[in-house]
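# Summary of the model geometry
Here is how the chains run, residue by residue.
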Amino acid sequence: ANIVQKIVRIADQLLLVPFFLLHWGPAIYGEWLTLTIIPSVLAFSDLGFGSAVSNSFVLAYASGDKQKAANLKKSGFLIITASVLMGLILTVIALFICIKLQVFEKSKINATQAMYAVAFMMIAKLLGFYTQLIEGFFRSARKAAVGSLLGSGNYLINILVGLIVLSLGYGVAIFAFSQFVIAIIYIILYSIIGNKLINLDGYNGKILKSDIVDITKKGIGYLMTPIWQSVYFQGTTLVVRLTLGAETVAIFNTVRTVCRSVNQFFSIINASIFPDLQYEYGQGHIKKVQMFFRIAVIASMFIGLLGFLALSLWGLELYGWWTKSVLFVPNNVWNIFMIGVLLNAVWWTSTVSYRMTNQPYHFAIASTSMAFVSVGMTYWLGHICGLLGAAIGCTLFELAMAFFVLPDSCRLLGI
């Protein structure tokens, strides 16, 4: 199910691009990408409260405490609804400011169309906040794969409808509206199916202040995940651009893209084991959790080793073919990045322990602080050693996380 989801999401990113360019042209497509920035950033914000509610619910339900699960469901729904309403108010304010400042008039897209497109995209993303809670219902019923496949189906429908809308010659407003309608239908169906999977009959949920406080605290911890990723990935890119220039940024980011391709395998393992590990942890089957955790981490290390060897031996040739030999990467720079691949294999899968146990702060503090350190080191070493220094600064993050995350995860699980 997770492999299918990866394939569909890649298709979502790639298949529509030729149709956008054919029917809208590069200029309008570029403006469309600009319009999607705010809704895309908004989508990250549900990773905090949504994850906190979902993980808390699964652990309570799996442990057999259905009263607590019912309470969390009700409190979680309230918090998410409050987030959606606040988001809607901010959306209206943002649109009003954009209209007053005539922001949409400066776009190559018709101002009215641009305004409606942004509104539809923002509302669709806000309503998507509920999917995190409902995903917890699927995990609690041990039907996580079904939920994942339903999500993949939603992406496929988005692609197909998008292709039809573009082929019929409609503009950005109709395209955004079609995605908005699909989002509403999907959330309703996903919610109906998810609610039918769990059994809370006879348990009336109560909104408790303690639950709201706990969800809020954990939500802030989970919210730091997109923060460290933004600081690390966008921050290092920015400092390389400032210190070494635009062409070096192209080399830096394309090599890192190659490295991240191996990480996709770790992400599949991580996503595959998470639902069952969390359920077993909630039931108190610690020995089983420890066993599957070991298997997953060792499997990731083995895949990481294979990826490291393959890229070390043949990676530069493949990179040259991929980039049409336009970009040149020195051997020592390539080797430093390959060490990062090996180190990433040590810690990435281990992060499942923090979501599984619903304890986000260990990882949140370590990852965010090290991301800032890595950006600083990339800037400093980039000045001293050029691209090699930037590669070292970037890889220092992987080194620090490998030394922290795996031992910390093992302590968390009693290994």
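Scroll up a little and you will see the structure.
Within each chain, residues carry numbers counting from 1 in the order of the written sequence. Reporting of local features is limited, given that this is a predicted model, to residues whose pLDDT is at least 70; pairs of side-chain atoms are given and counted only at 80 or more, and all residues count toward the totals for whole chains, interfaces and linings. Heavy atoms from the whole structure form the basis of all side-chain values; hydrogens and water molecules are not counted.

### Here we look at the overall build of the protein
Helix and strand labels come from DSSP, where a helix needs a run of H or I of at least four residues and a strand needs a run of E of at least two; each type is numbered from the N terminus. A tally of helices and strands in the protein yields 16 helices and 0 strands. C-alpha atoms define the radius of gyration, and 2.2 Å times the number of residues to the power 0.38 defines the globule rule. Over its C-alpha trace the protein gives a radius of gyration of 23 Å, about what one expects of a compact globule, namely 22 Å for 415 residues. Projected onto its principal axes, the C-alpha coordinates of the protein cover approximately 65 × 60 × 35 Å. Remark: exposure states derive from per-residue accessible area (1.4 Å probe, protein chains only) relative to the maximum for the residue type, with buried under 20%, exposed over 50%, and partly exposed in between. For the protein, buried positions account for 49% of its 415 residues. Restricting to contacts in the protein with at least 6 residues of sequence separation, those with at least 24 account for 84%. Throughout, the Shrake-Rupley method with a 1.4 Å probe supplies accessible areas, and for residues the shown protein chains are the sole cover considered. Just so you have it, the protein exposes about 20,100 Å², and 71% of that area is on carbon and sulfur atoms. Counted as positive: Lys and Arg. Counted as negative: Asp and Glu, with His and the chain ends omitted from the count. For this purpose, a charge sits on NZ of Lys, CZ of Arg, CG of Asp or CD of Glu. Measuring between centres, the 27 positive side-chain charges of the protein sit 4 Å from its 15 negative side-chain charges. Pairs of residues are marked as contacts when any of their non-hydrogen atoms sit within 4.5 Å.

### A word on the pattern of salt bridges
Here, a salt bridge means any Lys or Arg side-chain nitrogen found within 4 Å of an Asp or Glu carboxyl oxygen. On inspection of all chains with the given rule, the structure shows 5 salt bridges. Between Glu135 and Arg139 there is a salt bridge, with the nearest N and O atoms lying 3.0 Å from each other. You can see Glu135 and its partner Arg139 sitting in helix H7 (residues 130-140), 4 residues apart, about one turn around the helix. Look at Glu135 and you get partly exposed, because its relative accessible area is 31%. With a shortest N-O distance of 3.2 Å, Arg142 and Glu280 are connected by a salt bridge.

### Observations concerning the packing of aromatic side chains
Geometry of aromatic contacts follows a simple scheme: Phe, Tyr and Trp rings, the Trp one being its six-membered ring, pair when their centres are within 6.5 Å, and the pair is stacked under 30 degrees between planes, edge-to-face over 60, tilted otherwise. With the rule as written, the count across this model stands at 26 aromatic pairs. Here Tyr319 and Trp322 contribute two aromatic rings whose centre-to-centre distance is 6.2 Å and whose plane-to-plane angle is 65°, an arrangement assigned as edge-to-face. Taken together, the positions of Tyr319 and Trp322, both in helix H12 (residues 286-322) and 3 residues apart, correspond to about one turn of that helix. Residue classification places Tyr319 among the buried positions, given a relative accessible area of 3%. Looking at Trp322, the relative accessible area reads 43%, which means it is partly exposed. Here the aromatic rings of Trp347 and Phe397 are separated by 6.0 Å at their centres, their planes lie at 80°, and the arrangement is edge-to-face. With Trp347 in helix H13 (residues 331-347) and Phe397 in helix H16 (residues 387-412), this residue pair connects regions lying 50 residues apart in the sequence. Take Trp347 and Phe397: they sit in the same class, and that class is buried.

### Comments concerning H12
Its 37 residues give H12 an end-to-end C-alpha distance of only 46 Å, which falls more than 12% under 54 Å, the value for a rise of 1.5 Å per residue. Considering bend angle alone, the principal kink of H12 is centred on Trp314 and spans about 65°. Among all positions of H12, only Val289, Gln290, Phe293, Ala296, Val297, Ser300, Gly304, Gly307, Leu311, Gly315, Tyr319 and Gly320 are buried. Note on H12: the residue one or two positions beyond its end, Lys324, has a positive phi of about 60°. In a helix, the anticipated span is given by 1.5 Å times the number of residues less one. The bend at a residue is defined as the angle formed between two axes, one fitted to the seven residues ending at that residue and one fitted to the seven starting there.

Purely spatial values, then, with no claim about function.
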